[in-house]
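Structural description and commentary
Each chain, written out:
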Amino acid sequence: MSTPQLQAAIAIWRARKNRTGGDRVSLAYLLLMVAAIAMAPVIRALWLGSTSTAGLMLLTADQAPDAVSSLTALIWSSALLLGRLRGPALLPPFLLYAVANSGMKRSLALRRPVIQAAAWASLLSVSVAGFSSAALLTSGHAGILGILGFLGAALTAGIIGALLALVGQALPRTATCIGIGIIAVASLGGTSPRSSPFLPWAWAGAAYPVEGAGAECALLPLAGLTALALVLIVFTSRMLNSLNFHQLGSQAAKWDAVVTFSSTLDFSLAATVYRAGPRFGSRIRAVRTCSHLAMTFLVRDAIGLLRTPVRLVVALGMTIASGVLLSTASITASSAVLPATGAALVLYLATGVLGQGLQHAAHVAADYPLYGISDRTLVVYHALFPFFVSALLVSATVVACSAGSVGVLGTPVLETLALVVLILLTRLGAALKGPLPPRLLTPIETPAGDLSIVAQLAWAFGELLLAILAGMTAAIIPLTPVPALVMIVYVTIIAAVRWRKRR
Amino acid sequence: MHPETTRSNTSDAAGAKTPSAAAVIELERVSVTSADTGTTLLASTTLRVRAGQVAVLRGENGSGKTTLLRVLAGRTAPSTGSVRIWGRPVDERDPAFRRHAAAMIGLHPMAPDLTVRDHVALVSATWYGTSERALRATETTLEELGFTALGKKFPNELSSGQTQLFGLALVLVRPFEVLLLDEPEQRLDPGRIALLADVILTRRRAGATIVVATHSEILARRIAGQTLLLPGAA
């Protein structure tokens, strides 16, 4: 089996979306407009920032090569770890099923997406490097040969990044060890090109065009990076042939679900795709007979979360972090809004895990009755666990951090309770949200064009905006509690309206 | 029944040609235990199926029929024992193995924007390229399953029974010597189950070695193969 079969299959696959000439022109126009309206101002702002005095000071700082090394180490380790979830050797589920189960080698069937991933990674890497290089060149801080060497290093680093993601896909356990190893070594100071000449990510930093350095400075690191890329390329076929269909199919299905949910702006559902399933504690009974049914639900939610311990630890860590940020807000009363907003956002993310039962209650309430208790009671019972855990943990952290800093602890605790209530009400509203209403897809004609996308984005990120507002209003409770009370009423109304429309 | 014994049907209801003595599928004391929970997914099982024979897997829900098929398809590694097809260890990553064995274990993914015919043609193309044979295989398979008129439909326009037959078409359109089917009768009406049995017997007469897991008494009786009864759920 060779390429004619693959070409024939891809031809059928591509034919499903036969675009007319008009479609192509329309698409080109759309891309041009997006580039002109959305991307050009961002690029211009970045360019002005890079070529400003402050920007050039950063780009020509002594630590700039170390920063490039650190960034490379971070990107490579992320590639290794993310490849375990979504590697570059992936196709849409049905095409993957057809070609990966055919008689052709997987190194042949999956070569194309890996090459594409490497090309995109290199393009991105060269674009970022090219941006800073252009700023250095136009200001006379670097020579053309040094910049060419750096761009070569960026190109190679991009290819290495894509192939490291393939290592993560083909050898997940090994990739985890290497990824954590890179983070550990880089964190312990292994990023300086001068002190760590044998570390590959430091080669990217060594190729950075510092003032006065010639092209020869970039040659050795570039040779090292090229050698590393070649080694990975040599092993690419072997890695592709070692991929099993179970893993490939699972990755493709998950990615397809993420793309589908994201395209309908349903990011909360997209986030659940990669949620870890329960693996522990199946012998512990989650549903127990307690003195009160509320306690039964409280225990059920607690044990349910214990079955995914990593998620639980992360959620508890985020709740504590939220408390730390909130106490910072209460200490620095003059600039309390920013840390309080951060606290609200982190707590909102944490309650996504802690409020898993609340999400379940909202789903059940949206369907025909399942439990022998009312929907309202079910929601209240499932709200108990996230409320008590977040209220107690955030309050305890705030008290612990604020002790000795403020005379009266009542206000920070009041802020905490207000924030927890606001965030949980927002969570309930999010759980009852449902899919994007079709009316938001209708064009909103304005002199600046169709602004329906703004309404869609507001709908998609509404809860995050509410969380930000919750943080801001909680921060000013010492001055006036009115905004927080208004917010509580507002998110309650939103949740109530969605509750009435839940079926 | 003891899990390590097989019960062979001595009568050959299909009137198939005499199978060769060599076993195509050799499963020796294979068991599967979940690495996560320690649960036994398949108790120790031995099975030998000769070329051109049909083996029928029977048993309660959870008795390990699907797990056994997954082991044969190289998708699940056995915890103990050995499994060979054509004398070679099974490995679905090996293109030579994939050329021998086709499997329908659960429904395959489907592309919402491809028609039934496109789906079947695409799988056919991965085996026969753009040749006349690819087109012929597509048309023959659709016709065999009574799908000719439904070829222009999209997957979401099919009934659940039609979707099941569609999944079967994606497997039957490709060449194989060993065919593994997991409860292919699901959601099919009695007429379609009879059609399914005919398709299986046609493939058997053509020399394919087939293993079918089924709960359907009608299908099991019609294809009348060697029966392996797996003990109850773990």
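That block above? That's the structure.
The sections below set out a description of the structure shown in this document.

Parameters and conventions
- Residue numbers run consecutively from 1 along every chain, following the written order of its sequence.
- Written order decides the labels, with chains lettered from A and ligands numbered from 1.
- It should be noted that, the model being predicted, local features are given only for residues of pLDDT at least 70 and side-chain atom pairs only at 80 or more, the latter also being counted only at that level, while totals for whole chains, interfaces and linings use all residues.
- Remark: residues whose backbone-derived C-beta atoms lie within 7 Å of one another are considered to be in contact.
- What counts as a helix is a DSSP run of H or I of at least four residues, what counts as a strand is a run of E of at least two, and both are numbered from the N terminus.
- Among buried residues, those of type Ala, Val, Leu, Ile, Met, Phe, Trp, Tyr and Cys that are joined through C-beta atoms within 7 Å form a set called a nonpolar core.
- Exposure classes come from backbone-placed C-beta atoms, where a residue is buried if 20 or more other C-beta atoms lie within 10 Å of its own, exposed if 12 or fewer do, and partly exposed in between.
- Strand pairing is assigned whenever DSSP detects at least two bridges linking the two strands.
- By this rule the span expected of a helix is its residue count minus one, scaled by 1.5 Å.
- Comment: arc refers to directions from the helix axis out to C-beta atoms.
- Only C-alpha atoms enter the line fits that serve as axes; for helices the fit covers just the stretch in contact. Angles between N-to-C directions range over 0 to 180 degrees.
- Consider the strands pointing away from the viewer: the crossover is right-handed when the path from the first strand over the helix to the second runs clockwise.

Some details on the interface of chain A and chain B
Contacts between the two partners involve 28 residues from chain A, matched on the other side by 24 residues from chain B. Considering every element that reaches the side of chain A that touches chain B, the biggest residue donor is helix 1 (residues 3-15) of chain A, with six residues.

Examining the nonpolar core
Judged by nonpolar contacts, the single largest core of 141 residues is most densely connected at Val99(A), Ala153(A), Leu72(B), Ala169(B), Leu180(B), Val211(B) and Val212(B). Ranked by residue count, the leading element in this core is helix 8 (residues 144-170) of chain A, at 15 residues. If you look at the next biggest cluster of nonpolar residues, it comprises 54 residues, including Ala343(A), Tyr348(A), Leu358(A) and Val389(A).

Brief notes about the sheet that holds strand 4 (residues 80-85) of chain B
Sheets are built from strands paired through backbone hydrogen bonds, the pairs being either parallel or antiparallel. All names here are of chain B. Strand order in the open sheet made by the four strands is 2-1-4-5, with antiparallel pairing throughout. At either end of the open sheet lies a strand with only one pairing partner, and these are strand 2 (40-50) and strand 5 (88-89). Direction of pairing for strand 1 (residues 23-33) relative to strand 4: antiparallel, over a ladder of five bridges. Directly across from Ile 25, in strand 4, lies its bridge partner Ile 85.

Regarding helix 22 (residues 482-500) of chain A
All names here are of chain A. Between the first and last C-alpha of helix 22 there are 27 Å, a value that for 19 residues agrees with the 27 Å anticipated at 1.5 Å per step. All of the buried residues in helix 22 are Ala 484, Met 487, Val 491, Ile 494 and Ala 495. Projected down its long axis, helix 22 carries its buried residues within an arc of 95°, all on one side. Along helix 22, exposed side chains directed more than 90 degrees from the buried face belong to Val 482, Val 486, Val 489, Ile 493, Val 497 and Arg 500.

Focus on the sheet that holds strand 6 (residues 101-104) of chain B
Residues and elements named next belong to chain B. Spatially, 6-7-8-3-9 is the arrangement adopted by the five strands of the open sheet, whose pairing is parallel. The two strands at the open ends of the sheet, each matched to only one other strand, are strand 6 and strand 9 (226-229). The sheet shows a mean angle of 15° between the axes of neighbouring strands, taken without regard to direction. Against the sheet, helix 1 (residues 65-72) contacts strand 3 (54-58), strand 6, strand 7 (178-182) and strand 8 (209-213), and its axis sits at roughly 150° relative to strand 8. Contacts between helix 6 (residues 190-205) and the sheet are confined to strand 3, strand 7 and strand 8, with strand 8 contributing the most and set at about 155° to the helix.

Thoughts on unusual backbone geometry
Working note: non-glycine residues mostly have negative phi, and peptide bonds are mostly trans. Even without being a glycine, Leu265(A) presents a positive backbone phi close to 60°. Notably, Arg187(B) is not glycine yet its phi reads approximately 65°, a positive angle. You can see Arg187(B) is positioned in the loop between strand 7 and helix 6. Residue classification places Arg187(B) among the partly exposed positions, given that 13 C-beta atoms sit within 10 Å.

Topic: the environment of Ala455(A)
All names here are of chain A. Within the secondary structure, Ala 455 is located in helix 20 (residues 452-460). Measuring from C-alpha to C-alpha, the distance between Ala 455 and Thr 442 comes to 10.0 Å, with 13 residues separating the pair along the chain. Setting aside residues up to four positions removed in sequence, Ala 455 forms contacts with Leu 440 and Ile 444.

Side note on helix 7 (residues 111-138) of chain A
Residues and elements named next belong to chain A. Its 28 residues give helix 7 an end-to-end C-alpha distance of 39 Å, which sits within 8% of 40 Å, the value for a rise of 1.5 Å per residue. Taken together, the buried positions of helix 7 are occupied by Val 114, Ala 117, Ala 118, Ala 121, Ser 122, Ser 125, Val 126, Ala 129, Ser 132, Ser 133, Ala 135 and Leu 136. Close packing links the buried residues of helix 7 with helix 2 (21-51), helix 3 (53-59), helix 8 and helix 11 (216-241). Phi for Gly 140, located one or two positions after helix 7, is positive at around 75°.

Notes on the pairing of strand 8 of chain B
Residue and element names in this part refer to chain B. Counting buried positions along strand 8 gives five out of five residues, so the element sits mostly inside the fold. Of the two faces of strand 8, the one lined by Thr 209, Val 211 and Ala 213 and the one lined by Ile 210 and Val 212 are each fully buried. Bridge count for strand 3 against strand 8 is four bridges, and the pairing is parallel. For Val 56, the partnering residue across the bridge sits in strand 8 and is Val 212. Pairing of strand 7 with strand 8, which is carried by five bridges, proceeds in the parallel orientation. Looking at strand 8, one finds that Val 178 is bridged to Thr 209. Read from strand 7 through helix 6 to strand 8, the crossover connection turns out right-handed.

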